[in-house]
Amino acid sequence: MAPLAKARADFLWVIHGMENEERNRTIMRSLILERVNGQEGQLRDWSQINWSQVYKLIRNLQRRIFRARKLGQWKQLRRLQKLLKRSYANLLSSVRQITQINKGKNTPGVDKEVIKTPEQRVKLVNNWKTPEAQPTRRVYIPKSNGKKRPLGIANIRDRIAQNIVKNYLEPEWEAVFEANAYGFRQGRSCHDALEQAFRRLIGRKGNDRWVLDADIQGYFDNLEQKFILNRIKSTPGVELIAEWMKAGYVFEGQRYPTETGTPQGSICSPLLANIGLQGLETMVKGHNPSLGCVLYADDFIVTAKSREALEEIIPRIKQWLSERGLEFSAEKTKLVHIDEGFDFLGFNLRHYDGKLLIKPQKKKVLAFCQEIGKTIKKMAGVSQEVLIRKLNPLLRGFANYYQGVVSKKTFSYISYRVWQYLWNWCKRRHRKKGLKWVKNKYFRRIKGVDWTFCCETEGRKGKKNLLWLYNIAKTPIVRHVKVEYQLKRTVLNNLFN
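Residues numbered from 1 in each chain as written. Predicted model: local features only at pLDDT ≥ 70, side-chain atom pairs only at ≥ 80, totals over all residues. Heavy atoms only, no water.

1. Some remarks on the overall build of the protein
Check the secondary structure of the protein and you find 18 helices and 14 strands. Put simply, the protein has 497 residues, and 46% of those count as buried. Pairs at least 24 apart in sequence give 69% of the contacts found in the protein among residues at least 6 apart. Accessible surface computed for the protein: about 27300 Å², of which carbon and sulfur atoms make up 51%. (Helix = DSSP H or I, 4+ residues; strand = E, 2+ residues; numbered from the N terminus. Buried < 20%, exposed > 50% of the residue type's maximum accessible area, 1.4 Å probe, protein only. Contact = heavy atoms within 4.5 Å. Areas by Shrake-Rupley, 256 points an atom, 1.4 Å probe, with all protein chains shown as cover.)

2. What to know about the pattern of salt bridges
A complete count under the given rule lists 12 salt bridges for this structure. The salt bridge partner of Lys305 is Asp208, with a shortest N-O separation of 3.9 Å. Of the two residues, Lys305 sits in the loop between strand E7 (299–304) and helix H13 (307–322) while Asp208 sits in the loop between helix H7 (190–201) and strand E3 (210–215), which places them 97 residues apart along the sequence. Note on Asp208: relative accessible area 1%, which makes it buried. (Salt bridge = Lys/Arg side-chain N within 4 Å of Asp/Glu carboxyl O.)

3. Brief notes about the side chain of Glu172
Looking at the secondary structure, you find Glu172 in helix H6 (residues 156–174). Residues contacting Glu172, with those up to four places away along its chain left out, are Ile65, Arg69, Leu77, Arg78, Gln81 and Thr235.

4. A short note on the environment of Glu172
Judged by its relative accessible area of 4%, Glu172 is buried. C-alpha of Glu172 to C-alpha of Gln62: the two residues are 110 residues apart in sequence and 8.2 Å apart in space. Within the local environment of Glu172, its side chain forms a polar contact with the side chain of Arg78, the two groups lying 3.3 Å apart. (Polar contact = N/O pair within 3.5 Å; in protein donor to acceptor, adjacent residues only side chain to side chain.)

5. Comments concerning the packing of aromatic side chains
Summed over all chains, the structure comprises 24 aromatic pairs. Ring centres of Trp425 and Phe453 lie 5.9 Å apart, and the angle between their planes is 80°; this geometry places the pair in the edge-to-face category. With Trp425 in helix H16 (residues 408–429) and Phe453 in strand E13 (residues 449–458), this pair connects stretches of sequence that are 28 residues apart. As far as the burial class goes, Trp425 and Phe453 line up, both buried. With a centroid separation of 6.4 Å and 15° between ring planes, the pair formed by Tyr442 and Phe453 is classed as stacked. Of the two residues, Tyr442 sits in helix H17 (residues 435–442) while Phe453 sits in strand E13, which places them 11 residues apart along the sequence. Phe453 carries the same exposure label as Tyr442, and that label is buried. Clustering of aromatic rings is evident, with ring pairs tying together Tyr416, Trp419, Trp423, Trp425, Tyr442, Phe443, Trp451 and Phe453. (Phe/Tyr/Trp six-rings, centres within 6.5 Å; stacked < 30°, edge-to-face > 60°.)

6. Some thoughts on the sheet that holds strand E5 (residues 254–256)
The pairing of strands in a sheet happens through backbone hydrogen bonds and is either parallel or antiparallel. Sheet architecture is open: 4 strands sit in the order E2-E1-E4-E5, paired in mixed fashion. Unpaired on one side and paired on the other, strand E2 (148–153) and E5 mark the two borders of the sheet. When strand polarity is set aside, the average angle formed by the axes of neighbouring strands in this sheet is 40°. Pairing between strand E4 (residues 249–251) and E5: 3 bridges, direction antiparallel. By the bridge assignment, Phe251 is partnered in E5 with Gln254. (Pairing = 2+ DSSP bridges. Axes fitted to C-alpha atoms, helices over the stretch in contact; angles between N-to-C directions.)

7. Structural notes on the pairing of strand E1 (residues 136–142)
Pairing analysis gives 2 bridges linking E1 to E4, with the strands arranged parallel. Within E4, the residue paired with Thr136 across the bridge is Tyr249. In terms of strand pairing, E1 meets E2 through 6 bridges, oriented antiparallel. Residue Tyr140 lies in a different strand from E2, and its bridge partner there is Pro150. Hairpin connection, E1 to E2: the antiparallel pair is bridged by 5 residues, and Gly146 has positive phi, about 95°.

8. Focus on unusual backbone geometry
Trans is the prevailing form of peptide bonds, just as negative phi is the prevailing case for residues other than glycine. Its identity is not glycine, yet Glu252 carries a phi of approximately 55°, on the positive side. Structurally, Glu252 can be placed in the loop between E4 and E5. In this structure Glu252 comes out as exposed when scored by relative accessible area, which is 73%. A positive phi angle, near 60°, is found at Trp451, a position not held by glycine. Among the residues examined, Trp451 registers a relative accessible area of 34% and is labelled partly exposed.

9. Structural notes on the nonpolar core
Within the largest apolar cluster, 127 residues are counted, with the highest numbers of intra-cluster contacts made by Ile232, Ile317, Leu349 and Phe453. In this view, Phe453 contacts Gln384, Leu387, Ile388, Leu422, Trp425, Cys426, Tyr442, Phe443, Leu467, Trp468 and Leu469; residues no more than four positions away in its chain are not counted. (Core = buried A, V, L, I, M, F, W, Y, C linked by side-chain atoms within 4.5 Å.)

10. Structural notes on the environment of Leu71
By the secondary structure assignment, Leu71 is in helix H2 (residues 51–71). What makes Leu71 exposed here is its relative accessible area of 55%.

Geometric values such as these leave the question of function open.
Given below as structure tokens:
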């Protein structure tokens, strides 16, 4: 073919591809936007969006990205990621996630912008352009050890852009993340990590007895940026990720640079941190296949049959972490025997006469009781109904987290402490009344349990209903079923719900 003819054919092919891309975008928009009186084109009403169709389109692309990475189809992987990056459905779902669903939806960044109304969301979508990275707003929250944890709050538009990137970056790395890494991953939880630790340390002959209880110091703040960017260098939009990581933060009106780490509190930070730690389990098992490794973000344990095996692997782990700008936390890292026990993710794991029992961590239980006591003391002047509605979510949340382990005695102890706080709360309100009168006013017999903190409430139609405090002592123990790491059709279909 002559050079001129070849150039003309290439030009027509590019034009044809652009037309197909524009046509595909139009088709996607028409699928997402329900036709309202024949309406087409720009979004006019936030309520006209067909959200089931939005999430279906995103899930389909994420599954294809996951499958392409699993099969090593690199060109197909990058094409699909670019498609999801420009997807109108991805933009709509990200706006909804950041401005409607997330708990920090009303928390502004440096620019103090907050998107609250449907009209503001429609205007944002119709005028959307990927923003330039702006510095985060630095705030500090207290930690349990008395120190403060730095959080970086990005602008609303930066958070939306980060969510768009996360939606196409996450399925690629989910295909290669290790089996026993559970932190900040969809479909995985602390209880899965705990169950894996239980399997390694269960009291049978030949199982592991020694544990390296490790913690990484300044996990989000010290992670090497160059290492992360090198791992994702071929990903679409990597320049934008680099800008976010280097944008710095603003504290008390002064801007500071960020040469290392990812902003803790941003949308992409947990995923980028997981990418940085990907490969730790492979390295540990490559040195000694008999070792066990369980990771949850910056907390991880390595289990072995002997102390010597752990002492051999510690220098290798330190070297592996130093390549990523990380190091052990001397305060929290220790080498223990399972008979002594150790704390992991708010639980205590220990052998009692050769049997492994997992219990709630004593420190967490006492801190929870103190929190309940402070809450009740602050609400001295409120009605009984308001107090019950405030306490029930706290009690249920604690019970749900710990109901999969040996927690019956702990729940009974908490129930007694809560009763003490409430009884003092009742007596302070009626100092001149007798104790029997106070008991009959605030406590009743519910489902065979006396001294149940209870009151009458009025329903929508004026009907009287009983509202009582959640009885944490009656919480049933339900064992957690660990997620299994295997590539099946059901996993692919349900991974990104």
